[in-house]
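# Descriptive structure summary
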Amino acid sequence: MTRSDLVEELANRFKQLTHRDAEFAVKTILDAMNDALVRGHRIEIRGFGSFSINRRPPRMGRNPRSGASVAIPEKRVPHFKPGKALREAVDQRTSELAVPVPR
């Protein structure tokens, strides 16, 4: 699902919202999440999951073309951990949709 798909779904579910209002709501939520992660906060949405920042330490890598060693600096990357309810819902729905593979 893309951002525009999310806007369409929100506008379709809530008829009182115009497309522009739904777009503004999605943008506001994503901007707030972005700002919180940039500040180093953790975001937890019960029943869905949590977003946090993971630290990747500096390391030595290799340039695949030349084989030369390259220093890769420390990075902070976003991480999503799905909640129990989301994991169970995905597992249940995918097993219902799964087509048995003939042997």
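Please refer to the structure higher up on the page.
Described in the following lines is the structure provided in the data block. (Residues numbered from 1 in each chain as written. Predicted model: local features only at pLDDT ≥ 70, side-chain atom pairs only at ≥ 80, totals over all residues. Heavy atoms only, no water.)

## Looking at the overall build of the chain
To be explicit about the condition: In this text, helices come from DSSP runs of H or I with a minimum length of four residues, and strands from runs of E with a minimum of two, each type numbered from the N-terminal end. Throughout, the radius of gyration refers to the C-alpha atoms, and the reference size of a globule is 2.2 Å times the residue count to the power 0.38. Relative accessibility decides the category of a residue: with a 1.4 Å probe and only protein chains considered, values under 20% of the type maximum give buried, values over 50% give exposed, and everything between is partly exposed. In this analysis, two residues are considered to be in contact whenever any of their non-hydrogen atoms come within 4.5 Å of each other.
For the chain, the count of helices and strands is three helices and five strands. For the chain, the N- to C-terminal ordering of α and β elements is α-α-β-β-β-β-β-α. The C-alpha atoms of the chain give a radius of gyration of 20 Å, which is well past the 13 Å a tight globule of 103 residues would have. Classification of the 103 residues of the chain by burial places 15% in the buried group. Contacts in the chain between residues far apart in sequence, at least 24 positions, make up 29% of those at least 6 positions apart.

## Things to note about the nonpolar core
Going by this rule: Definition of nonpolar core: a set of buried residues of the types Ala, Val, Leu, Ile, Met, Phe, Trp, Tyr and Cys, connected through side-chain atoms within 4.5 Å.
Among the nonpolar cores identified, the biggest contains five residues, and these are Met33, Ala36, Leu37, Ile43 and Phe51. A per-element tally of this core places helix 2 (residues 19–38) first, with three residues.

## So, the environment of Ala25
Relative to the assigned elements, Ala25 resides in helix 2. Residue classification places Ala25 among the partly exposed positions, given a relative accessible area of 27%. Along the backbone, Ala25 and Val7 are 18 residues apart, and their C-alpha atoms lie at a distance of 8.4 Å.

## As for helix 2
To be explicit about the condition: For a helix, the expected span equals 1.5 Å multiplied by the number of residues minus one. Throughout, the arc means the angular range of directions from the helix axis out to the C-beta atoms.
The terminal C-alpha atoms of helix 2 lie 28 Å apart, and with 20 residues this matches the ideal 28 Å at 1.5 Å per residue to within 8%. Of the residues making up helix 2, those classed as buried are Ala22, Val26, Met33, Ala36 and Leu37. Seen from one end, helix 2 has its buried residues packed into an arc of 105°, which puts them on one side. Opposite the packed face of helix 2, turned more than 90 degrees from it, sit the exposed residues Arg20, Phe24 and Val38. Residues of helix 2 that are buried make contact with helix 1 (3–13), strand 1 (43–45) and strand 2 (49–56). Backbone geometry just after helix 2 places Gly40 at a positive phi near 90°.

## Considering the pattern of salt bridges
It is possible for side chains of opposite charge to pair when their charged atoms get near one another. Our working definition: Salt bridges, as used here, are contacts in which a Lys or Arg side-chain nitrogen is within 4 Å of a carboxyl oxygen on Asp or Glu.
Counted by the stated rule, this structure contains six salt bridges. Taken together, the salt bridges that share partners define one network made up of Arg42, Glu44 and Arg46.

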